Protein chains: 6
Amino acid sequence: MRIQLINPNSSADMTQAMALSAQSVALPDTDILPYTPSHGPKSIECAFDEVIASAALLDLIEEGNRMGVDAHIIACFGDPALDAARELANAPVIGIAEAAFQLAGLIAHKFGVVTTLARTLPASEHLLQKYGYQHRCSGVRATDIPVLALENIEADAYECLKSECLAAIQNDGAEAIVLGCAGMSALVNKLASELPVPIIDGVTAAVKLAEALHQLHLQTSKIGQYGQPVSKPFVGRYAHWTR
Amino acid sequence: MRIQLINPNSSADMTQAMALSAQSVALPDTDILPYTPSHGPKSIECAFDEVIASAALLDLIEEGNRMGVDAHIIACFGDPALDAARELANAPVIGIAEAAFQLAGLIAHKFGVVTTLARTLPASEHLLQKYGYQHRCSGVRATDIPVLALENIEADAYECLKSECLAAIQNDGAEAIVLGCAGMSALVNKLASELPVPIIDGVTAAVKLAEALHQLHLQTSKIGQYGQPVSKPFVGRYAHWTR
Amino acid sequence: MRIQLINPNSSADMTQAMALSAQSVALPDTDILPYTPSHGPKSIECAFDEVIASAALLDLIEEGNRMGVDAHIIACFGDPALDAARELANAPVIGIAEAAFQLAGLIAHKFGVVTTLARTLPASEHLLQKYGYQHRCSGVRATDIPVLALENIEADAYECLKSECLAAIQNDGAEAIVLGCAGMSALVNKLASELPVPIIDGVTAAVKLAEALHQLHLQTSKIGQYGQPVSKPFVGRYAHWTR
Amino acid sequence: MRIQLINPNSSADMTQAMALSAQSVALPDTDILPYTPSHGPKSIECAFDEVIASAALLDLIEEGNRMGVDAHIIACFGDPALDAARELANAPVIGIAEAAFQLAGLIAHKFGVVTTLARTLPASEHLLQKYGYQHRCSGVRATDIPVLALENIEADAYECLKSECLAAIQNDGAEAIVLGCAGMSALVNKLASELPVPIIDGVTAAVKLAEALHQLHLQTSKIGQYGQPVSKPFVGRYAHWTR
Amino acid sequence: MRIQLINPNSSADMTQAMALSAQSVALPDTDILPYTPSHGPKSIECAFDEVIASAALLDLIEEGNRMGVDAHIIACFGDPALDAARELANAPVIGIAEAAFQLAGLIAHKFGVVTTLARTLPASEHLLQKYGYQHRCSGVRATDIPVLALENIEADAYECLKSECLAAIQNDGAEAIVLGCAGMSALVNKLASELPVPIIDGVTAAVKLAEALHQLHLQTSKIGQYGQPVSKPFVGRYAHWTR
Amino acid sequence: MRIQLINPNSSADMTQAMALSAQSVALPDTDILPYTPSHGPKSIECAFDEVIASAALLDLIEEGNRMGVDAHIIACFGDPALDAARELANAPVIGIAEAAFQLAGLIAHKFGVVTTLARTLPASEHLLQKYGYQHRCSGVRATDIPVLALENIEADAYECLKSECLAAIQNDGAEAIVLGCAGMSALVNKLASELPVPIIDGVTAAVKLAEALHQLHLQTSKIGQYGQPVSKPFVGRYAHWTR
């Protein structure tokens, strides 16, 4: 099967890193097709970044849809444009936050989320509520590490991340840790080997859920909210969406 | 004061209609500055339309912010990009759904929402939950009138709209009606004269709330979630956002 | 327009202070008509005080209703007798807690409430839940300043109030502060000039909402819960309510 | 033990009827002391009635408290002034709605509530939420029988009440019925003999809970919300509350 | 009346202790029939223990049902197998956690729960949510005293228990304390005499609620969820359940 | 990998059917090890059946745990004994209801559940709440087909099942259907080919989630709620649990 792996920010290095991570857990006959948008912010760290990234991301979803990929992954922990992408796509679309919450919920009663800037906390809380996992979360903790500093992470930043994970376990009662940024995907094995609880990374979780849905022949329902968008004119830089 | 009134869809006729509506309730020294985006869909009727409209809308917010307007109104019932706009703006930003729910809540125990396509129902339900008005809403009803058909509305469509309002009152227990589309703004007086309960239109509600906040010298809090977006590079058609 | 401003406690000095505050933000053609009940407690600081004040307050609502005022404000942060007042009145009735929560919600993602005695905390929490703003509130803090000590507030008490506001911002994540007592209305400008977030006072908020509803010709819905009370005999000190 | 049974409306006949009902289930050494207020409405059927009745009711609570009764029952399904009464009283104070919901919850997964006028529905819904029994209630149904028509109930009205109970069972999935008015207390045995599910009357439920608390030596906690009201001056017709 | 008092763990000493406690508050004509299962764990301290105890407990319920007892009490704070027991029984079945929450709710706005091992916290939280008392609970605190150590409790353990009660009052705002284990029943009077708030023990609370329901002729509803289990074959060690 | 597939009821035919279904979607190197308990009910259709089945099921979990299987599936839609099983097991334990809700949530905004007897509705509603999927469910519908009638299902029963699925889509707004019984697993392909929305079966969903967790090296967290049960004596037919 072919999985379109979209990094919604425009940092190609980060796309490369998460593609490696995705490929490392994929089945032999799963192709990971990594995509970086040509438009948008270098990282996504607030609602503004997310709105801009969302519009660019939908061009990629449409491209994947036309290519007939078997699943799309939106690899940013804010799950930007997820509902809109499901309207466009026939194959399943998986957000990495939803994926991580689901797998965490299968192996722990309460999980903690450890994320980047404090600015992103309301976004995580909103997703926990939207997906119904609020009561399963022992708390969301920020490290104040910027997204782009996660690539080639320095020792200091890694220690800070690890110590917030420990605080989540010891102070908040977290029984598992969800990594709150696609940029942390490369760190999941190291953290898992150094911490006493399961560590869940959304990118790899999403790959496995995409494979699961594909093997079950489950696609996005086109009845109801996720039906194709209504055809209509678009103008200006979005004129290509007219149909 | 100057209020930037943004119609997030690209139909200039609709912008004109809602500007008339807004001006009709504004105080003498309030200037309504209507804006139509140069980019985006002709109407907003699903999550996909909303994502595309959101990115275009933020350019206008930034333009208003640089001009130093005293308030911004986002005049689409989905309140698109509201949190992102509040990050960008110093003045208050008001979404017409939030405005309508608030005023309805002051004069009725339970209000009904009457909207356009059934496709938009999940969006309304999401906003009721986000703003905390779910328990005050007797139900959301779709008319299946497309947004653009509201301009120069035909007699049939008007009767359909009115009969859904009546059904909300008689079957659902609505004690007031919130109009679920900026395009219905011009109909509020006619409906109010023909129905036994208050009719609340978000566009005019938002104008009065904007004036209220201005006269109280209340602006968007720049501490916390609504602080200025983090500066960073943007590429492609969003390169102008780099700072 | 004429706004009946009811102080539900029997301290005329406090009525005077809040009338000044209300007048200071009112439009030129808005008359603030201040009312102090002839019956009831000097201040409202627990459920018992609130029940007694509520009965007295309704006489004033009825008086305002007969005079044809254009709006009624109940200026006590417990919003006493609000539903009952809406049954009696044709014009809108606004409680200062509901007014403050609404305006705070337009300019901040999370607001804190700073109030008087710890005894009043459950009342504030109940109102946040009733109005659906619980998830928008970062916490309610008591200062243990009695209501009547707010008039001619001493330096110590003012500092205590200010430091609870700061604690709400720094410890609880409040992005705006709602003042939890009508008696704090005179302090709103001083606090706003000394604190880094917007400060919302319910008395002035209610004045602007009353003007907003009036200019939109919105009145209390008389269909459903807020319909006129059923006529019936009353005895004893309430015999005047028989109809 | 001595239980003060307060009918919060001023209809002495109704007090008499509920006293009979209460006495019929009381233990041999339980004295039911029935009280009718000298002030207030003949019946309680909306928020306005409830506010007026509440103030009068507290005089009776205070009288019972001074007499040293062992429990107080507030016998109106709106549980008027319950929190305020608990502040005044040392002995337990029991509202008949809370009592009925509790016992219903012990013998049925879902119970229905059948009440008087449709006007009272929001009050019942508010209490279900306040006490946390909303998810246990299959629905609240109004009969549109006025409270005072329950005394010497006519055959028609009785049939109407019974048929709403049946509708609750058959259409809503009610597994037990809570009678939503103290005035229905005399009908509980007849209904129970004619319907296939348990029928719970709040007046008799409250008597048994009062006895239970008394025998366990449990009294109202005077720490926290139910502590004695703060002493202060009262004026006018409430001057007697000054202390 | 006859109340079957089931200790769901297999420690006969503990059964004896709780029977004494139950008898001490029972009415003169109430017979407490204590039961200890012949199968199952010595104490119940996690979900595993609870599942095993539940199956054994139902044999005792059925035995009580055949004997025609007037009520059944399940005396373990996890309320194990409560819904299943209500299906089997005609008489009311009362769990001690539900009983304690109900009586606590009548005399305090917020109650704390003090329990045994930290392992049991999720169970208590689940029950608070199931019964709708989550918003009435100021917090659940573990003492880390094993269940069986409560018998012949040592001075140290008693002081630990008491100090957690005090912490609940002083730090969490508890206005009453619910004892979170049937094994604490014998300590209720000592704790009540040494602490400033009411102490509620579920075993004694359940006895009084059982008497209350019996005197009101209220039995488990056999319509709906609590109807008799469907007849069917059972195999192996449960073959005796075939019917 | 080896997946222990436990049918919690004692019908070996049903175990065989679900094993076929599981094997049909498993990866080539996944072994499905089907287990039928030697103790317990022929089918699980109420809380009583579930309690009895739960105790027997844990013996099988322990057996699988000792064998070192890589995952356990509890294949009954009530997810019986799920928390207890997670305490015992080191590998992940997956309940088919939780599995089905998760996958349905990835491809539809709202899903309907179609189940067997009306008796099981409260169990499904409880699980939706426990897992946080209540707001994603458009409704649970019973067919009144007994569990065992699903094997070798007759044409009539199949039509009934299909027509409830259609009613869920057309009347309730279901965008996908979750099959509410492990016994329906064999029907998923036929239903999917005849209905316009995705059909999700929990047995096959659980197999894919088990594989996903295994490939990600994620096991049950042994810190917190799912830690090993406390060692202690057990008596009677559970004496083998003593450790």
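So, how was this worked out
- Residues numbered from 1 in each chain as written.
- Chains lettered and ligands numbered in written order.
- Predicted model: local features only at pLDDT ≥ 70, side-chain atom pairs only at ≥ 80, totals over all residues.
- Heavy atoms only, no water.
- UniProt positions renumbered as here; feature names shortened; annotations may be inferred.
- Pairing = 2+ DSSP bridges.
- Helix = DSSP H or I, 4+ residues; strand = E, 2+ residues; numbered from the N terminus.
- Right-handed = clockwise from strand over helix to strand, strands pointing away.
- Least-squares fit on C-alpha atoms with pLDDT ≥ 70 in both.
- Axes fitted to C-alpha atoms, helices over the stretch in contact; angles between N-to-C directions.
- Contact = heavy atoms within 4.5 Å.
- Buried area = accessible area lost by both parts, 1.4 Å probe.
- Salt bridge = Lys/Arg side-chain N within 4 Å of Asp/Glu carboxyl O.
- Polar contact = N/O pair within 3.5 Å; in protein donor to acceptor, adjacent residues only side chain to side chain.
- Nonpolar A, V, L, I, M, F, W, Y, C, P; charged D, E, K, R; others polar.
- Buried < 20%, exposed > 50% of the residue type's maximum accessible area, 1.4 Å probe, protein only.
- Core = buried A, V, L, I, M, F, W, Y, C linked by side-chain atoms within 4.5 Å.

Under an unreviewed UniProt entry, chain A has the name Hydantoin racemase and belongs to Marinomonas algarum. Turning to chain A, the UniProt record has this under Sequence similarities (unreviewed entry): "Belongs to the HyuE racemase family."

**Focus: the pairing of strand 7 (residues 137–142) of chain A**
Residue and element names in this part refer to chain A. Pairing analysis gives five bridges linking strand 6 (residues 111–115) to strand 7, with the strands arranged parallel. Paired with Gly112 across the bridge in strand 7 is Gly139. Read from strand 6 through helix 5 (residues 121–131) to strand 7, the crossover connection turns out right-handed.

**Quick notes on the relation of the copies chain F and chain A**
Overlaying chain F on chain A yields an RMSD of 0.0 Å, the required transformation being a rotation through 180 degrees with an accompanying axial translation of 0.0 Å. Taken together, these values place the two copies in the relation of a two-fold axis. Scanning chain F for the C-alpha nearest the rotation axis identifies Gly132(F), at a separation of 2.1 Å.

**Description of the sheet that holds strand 9 (residues 199–201) of chain A**
Residue and element names in this part refer to chain A. Spatially, the four strands line up as an open sheet ordered 7-6-8-9, and their pairing is parallel. Looking along the sheet, the strands with just one partner apiece sit at the ends: strand 7 and strand 9. Taking the axes of each pair of neighbouring strands and ignoring which way they run, one obtains an average angle of 25 degrees across the sheet. The strands touched by helix 5 are strand 6 and strand 7; relative to strand 7, the strand with the most contacts, the crossing angle is about 160 degrees.

**Some points on the interface of chain F and chain A**
Chain F puts 43 residues into the contact, and the matching count from chain A is 43 residues. Of the roughly 3500 Å² buried between chain F and chain A on both sides combined, carbon and sulfur atoms contribute 63%. Scanning the region where chain F abuts chain A turns up two salt bridges. A salt bridge links Arg136(A) to Glu98(F), with the shortest nitrogen-to-oxygen separation between them at 3.8 Å. Elements that contribute at least two residues to the side of chain F that touches chain A include exactly helix 4 (96–107), helix 5 (121–131), strand 9 (199–201) and helix 8 (202–215) of chain F.

**Topic: the interface of chain B and chain A**
At the junction of the two partners, chain B supplies 45 residues and chain A supplies 45 residues. Roughly 3700 Å² is buried in total at the junction of chain B and chain A, and carbon and sulfur atoms are behind 65% of that figure. Taken as a group, Phe48(B), Arg119(B) and Arg237(B) account for 21% of the area that chain B buries against chain A, more than any other trio of residues on that side. Linking Lys232(A) and Asp49(B) is a salt bridge whose minimum nitrogen-to-oxygen distance equals 2.5 Å. The interface formed by chain B and chain A holds 26 residue pairs in polar contact (both at pLDDT 80 or more) in total. Among the secondary structure elements, those contributing two or more residues to the side of chain B that touches chain A are strand 3 (40–41), helix 2 (47–67), helix 3 (82–88), helix 5 (121–131) and strand 10 (234–235) of chain B. The element best represented in the side of chain B that touches chain A is helix 2 of chain B, accounting for 10 residues. Looking at side-chain class alone, the side of chain B that touches chain A contains 22 nonpolar, 14 polar and nine charged residues.

**Some thoughts on the sheet that holds strand 7 (residues 137–142) of chain E**
Residues and elements named next belong to chain E. The strand order across the open sheet built from four strands is 7-6-8-9, with neighbouring strands paired in parallel fashion. In this open sheet, the two edge strands, each paired with only one partner strand, are strand 7 and strand 9 (199–201). Each adjacent strand pair in this sheet contributes to an overall mean axis angle of 25 degrees, direction not counted. Direction of pairing for strand 8 (residues 176–179) relative to strand 9: parallel, over a ladder of three bridges. Opposite Leu179, over in strand 9, you have Asp201 as the bridge partner. Sitting on the sheet, helix 4 (residues 96–107) is in contact with strand 6 (111–115), strand 8 and strand 9, with an inclination near 145 degrees to strand 6. The strands touched by helix 5 (residues 121–131) within the sheet are strand 6 and strand 7, with strand 7 carrying the most contacts at an inclination of about 160 degrees.

**Some points on the relation of the copies chain B and chain A**
With an RMSD of 0.0 Å, the fit of chain B onto chain A corresponds to turning through 180 degrees and sliding 0.0 Å along the axis. A symmetric contact is evident, with 100% of the interface residues of chain B recurring at the interface of chain A.

**Remarks on the side chain of Arg136(D)**
By secondary structure assignment, the location of Arg136(D) is in the loop between helix 5 (121–131) and strand 7 (137–142). Exposure remark for Arg136(D): the relative accessible area of 6% places this residue in the buried category.

**A short note on the nonpolar core**
Core analysis: the biggest nonpolar cluster contains 565 residues, and Leu58(A), Leu58(B), Leu58(C), Leu58(D), Leu58(E) and Leu58(F) have the highest contact counts within it. Every residue in contact with Leu58(E), bar those within four places of it in the chain, is listed here: Ala81(E), Ala84(E), Ala85(E), Leu88(E), Trp241(E), Phe48(F), Val51(F) and Ile52(F).

**With respect to the pattern of salt bridges**
Counting across every chain of the model gives 78 salt bridges over all chains. A salt bridge links Glu98(B) to Arg86(B), with the nearest nitrogen and oxygen atoms 3.1 Å apart. Of this pair, Glu98(B) sits in helix 4 (residues 96–107) while Arg86(B) sits in helix 3, and the two are 12 residues apart along the sequence. Glu98(B) gets classed as buried once you look at its relative accessible area, which sits at 2%. Judged by relative accessible area, which is 1%, Arg86(B) ranks as buried. Asp59(F) is paired through a salt bridge with Arg237(E); the nearest N and O atoms lie 2.9 Å apart. With Asp59(F) in helix 2 (residues 47–67) and Arg237(E) in the segment after strand 10 (234–235), the pair connects residues from two separate chains. In this structure, Asp59(F) and Arg237(E) share a single accessibility class: buried. When salt bridges that share partners are traced, they join Glu45(A), Asp49(A) and Lys232(B) into one network.

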